[in-house]
Amino acid sequence: MLKYLKSTQFSAFLLLGIIYLILKLPLLIHLEQEPIIIQSFSAVSPYIFLENTFWSFIIAQIIIIVQAIWINFLFSESTFVRAKTIIPAYLFIILNATIISYNYLNIYHLIFTILLGLYQIFLKISFKEQAKSDIFNVGVLFGFLIILFPNSILLTPILMLITYFLKPLKLIEIFLVLIGILCIPYFYFSIMYLMEIKLVLPFDFYFYLPTIFNGDTPTQIILLLIAIGSIISIWGMFGIKQSTENRVKRNVDMLYLLSIGLLLVIIFSTYYFPDTTLLIFLPSTLFLSIFLHRIKKQRITEIFNLFLLFSIITYTFHKYF
């Protein structure tokens, strides 16, 4: 199966489409899901409150497909693997199927889109000699992320470290990230003040492991399998660190740091479990894609892939049947 997905032939896209439809079949039959609400800086209303209707499902699927194409493009731009492939798009589609609520329009679609935007800017920085505007844009985009999901403020020091490791800069240039971050909350709070909307502290740093361990058992199992697979796949990065050019090595370091930062946000946001686990699917998709491409024993990769795929398909059907 992987030999088809490790190409951009029509048969690869056809196979991916069939897998996509199988994963979505239980959801098409049972279009019911509670809306996701995340506390905002405003005491008046949450960020997004939508009844999950048929159109909510359809719009969410369009967003997922666009994000899958985007993450596939970013994988190619990272030059971790030279060959043309749709493995990253395939992995992203099957991984996010484990978060049932992501199949309905909610705030996390925007949050994940911003993460993809940040990753793309990081890649631009590693390419350019002069990247001051891109460094500032990192801060601005991250400022929007903080407004949408306040707990992501924990990612701030990691974000500045990533910027530094991608392109060693003077200290004053590193502060461009911080300035960009502060711009968005400044304008946001100014507008809220002028409109006389009461502001509240929305941070919910909720670190409570029983929320994870005492939750839905099938969800725990499937997320544990993804976590184990992602950890194993990190070994596939070691060869890249030893045998590729400096820019690619910097991209690997950036991916490591981003994983640590996102994991930190997830750990201290267990109030929103399992929805926040979607954040780690960006680096997990890239790690697993590299692993499936670089391991030499094809039989092992096929077994690993089929085990992961059928586990997720079984999980999605189990949730509704």
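So, how was this worked out
Residues numbered from 1 in each chain as written. Predicted model: local features only at pLDDT ≥ 70, side-chain atom pairs only at ≥ 80, totals over all residues. Heavy atoms only, no water. Patch = residues over 30% accessible without salt bridge, like charges linked within 9 Å, V, L, I, M, F, W, Y side chains within 5 Å. Areas by Shrake-Rupley, 256 points an atom, 1.4 Å probe, with all protein chains shown as cover. Salt bridge = Lys/Arg side-chain N within 4 Å of Asp/Glu carboxyl O. Helix = DSSP H or I, 4+ residues; strand = E, 2+ residues; numbered from the N terminus. Core = buried A, V, L, I, M, F, W, Y, C linked by side-chain atoms within 4.5 Å. Buried < 20%, exposed > 50% of the residue type's maximum accessible area, 1.4 Å probe, protein only. pLDDT = per-residue confidence, 0-100. Contact = heavy atoms within 4.5 Å.

**Student:** Can you walk me through a nonpolar patch on the surface in this structure?
**Tutor:** On the surface, Ile153, Phe205, Leu263, Leu264, Ile267 and Phe268 cluster together into a nonpolar patch covering about 450 Å² of accessible area. Along the chain, Leu264 turns up in helix α12 (residues 246–267).

**Student:** Honestly, the nonpolar core in this entry has me stumped. Any pointers?
**Tutor:** When a protein is soluble and globular, its nonpolar side chains tend to lie buried together. Formed by 97 residues in total, the largest nonpolar core has its most connected members in Phe80, Ile94, Ile111, Tyr119, Phe122 and Leu282. Here the element with the most residues in this core is helix α5 (residues 107–127); it accounts for 13 residues.

**Student:** Would you mind going over the confidence of the model for the protein chain with me for this structure?
**Tutor:** Low pLDDT marks stretches whose predicted atomic positions should not be read closely. Of the residues in the protein chain, 85% have a pLDDT of 70 or more, and the chain-wide mean is 81. Per-element confidence in the protein chain ranges from a low mean pLDDT of 58 for helix α9 (residues 210–213) to a high of 91 for helix α4 (residues 87–96).

**Student:** Would you take a moment to explain the environment of Val265 for this structure?
**Tutor:** By the element assignment, Val265 lies in helix α12. Remark: the alpha-carbon pair of Val265 and Leu279, spanning 14 residues in sequence, is separated by 8.7 Å. If we skip the residues at most four places from it in the chain, Val265 touches Phe149, Asn151, Ser152, Leu154, Leu155 and Leu279.

**Student:** Is there a simple way to think about the pattern of salt bridges in this case?
**Tutor:** In a structure, side chains of opposite charge can pair up when their charged atoms sit close to one another. Within this structure, the stated rule accounts for 1 salt bridge. Between Lys124 and Asp134 there is a salt bridge; the shortest N-O distance is 3.5 Å. Of this pair, Lys124 sits in helix α5 while Asp134 sits in helix α6 (residues 132–148), and the two are 10 residues apart along the sequence.

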